[in-house]
Amino acid sequence: MATREYKIAAIPGDGIGIEVIAAGLKVLGVLAGRDRGFRLKVEHFPWSSDYYLKNGYYIPQGGLDQLRKFDAIFFGAVGAPDVPDHISLWGLRLPICQGFDQYANVRPARVLPGVKSPLINGEQIDWVIIRENSEGEYSGSGGRAHRGLPEEVATETSIFTRTGVARIHRFAFELAKKRPRKHLTLVTKSNAQRHGMVMWDEIFYEVAKDYPEIETRRVLVDAMTTDMVLKPRSLDTVVASNLHADILSDLAAALSGSLGIAPTANLNPERKFPSMFEPIHGSAFDITGKGIANPIATFWTASMMLEHLGEKEAALRLMKAIEAVTARRIHTPDLGGEASTDIVTEAVCDSL
């Protein structure tokens, strides 16, 4: 039987993204070598804030066409102290997410073995937060006029389309159907945002009619933060808008022990374009170059990438190796340990 080959575009980006993507590729190489049923053909792209400062752009002309030929994108982080955040985010990550219609952002959260949650009942955390990833509050619609004058005005328009809202809700119901509890929480703020978010709610309940086996619950985003802290067992699968899920998933990661363990998948479920996989933590320049970045989020992200590619057994094997290492409390400083990035990486490789 021929070995299955997958083309992976590696974009380490900025800060600790460079360190953790290198660690992730090392672990993936060991896993593929042990598995022998598949191999990864990796091509590196130097797109980063340094690249931007040198060239005046993050993605060169034709860059997305280059990425289109890959099976998946393995992304580190973007953001640097010498580039405004709105330029770096809209220069690299968001053009890929929107350009490839990666509308379903999936962020699982649970407390891994050996990791301590700040919650007394943290073991109850077992969530998947689904974030609408193509429109909403991050649609990019708006502008500024009369700059520098007293009458200067800035607008930031949230865009909710029936197509965009319906498809993310349907994706969420389909995922909830695969989980044991078959429970889906709708996060909203329709009491205050009376147009887009009212439609968001209405379409959710229209789609819900096709999934009578799924128990549903509607929660305002502010109440959701308290439920996550005080009643974690009340939640399972969660669907929220671009902004709301962005914030809530960071809280979920912190409650699970650290942003350093949280993974992300930016999916184009129809597979018309490559999907992108990245750790949640960002570039973290405060620890860049110190060798202490937690690679666990990247390893978990790599497991999600393998599952998306159809290598479910390898994905599960990697996840078991991750859990074996965290259970032995081989932890980086963000988890209260003293291990370096390299030590954690070698431990996962050994576990494989």
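Only a predicted model underlies this, so the values are computations on that prediction, with no experimental measurement involved. (Residues numbered from 1 in each chain as written. Predicted model: local features only at pLDDT ≥ 70, side-chain atom pairs only at ≥ 80, totals over all residues. Heavy atoms only, no water.)

**Focus on the packing of helix α1 (residues 16–35) against helix α9 (residues 296–309)**
Thinking step 1. Orientation of α1 relative to α9, taken along the N-to-C sense of each, is 50°, at an axis distance of 9 Å. Accordingly, the angle class assigned to the pair α1 and α9 is oblique. Remark: the crossing between α1 and α9 carries right-handed chirality. When α1 is examined against α9, the residues V20, I21, A23, G24, V27, L28 and L31 are found in contact with a partner set consisting of T298, F299, A302, M305 and L306.
Thinking step 2. Considering only residue class, the contact of α1 with α9 consists of ten nonpolar, two polar and no charged. (Axes fitted to C-alpha atoms, helices over the stretch in contact; angles between N-to-C directions. Helix = DSSP H or I, 4+ residues; strand = E, 2+ residues; numbered from the N terminus. Parallel < 35°, antiparallel > 145°, perpendicular 65-115°, else oblique. Left-handed = near helix turned anticlockwise from the far one by under 90°. Contact = heavy atoms within 4.5 Å. Nonpolar A, V, L, I, M, F, W, Y, C, P; charged D, E, K, R; others polar.)

**A look at the pairing of strand β8 (residues 183–188)**
Thinking step 1. The buried count for β8 comes to six of six residues, which makes it a mostly enclosed element.
Thinking step 2. Judged by which residues are buried, β8 turns out to be covered on both faces: H183, T185 and V187 on one side and L184, L186 and T188 on the other are all buried.
Thinking step 3. Of the strand pairs in this sheet, β8 and strand β9 (residues 215–220) are connected by six bridges, and their pairing is parallel. In the sheet register, V187 faces β9, and the bridge partner there is V219.
Thinking step 4. In this fold, β8 hands off to helix α6 (residues 196–208), which returns the chain to β9; that crossover is right-handed.
Thinking step 5. Across three bridges, β8 lies against strand β10 (residues 237–240) in parallel orientation. Across the sheet, residue L186 finds its bridge partner in β10, namely V239. (Buried < 20%, exposed > 50% of the residue type's maximum accessible area, 1.4 Å probe, protein only. Pairing = 2+ DSSP bridges. Right-handed = clockwise from strand over helix to strand, strands pointing away.)

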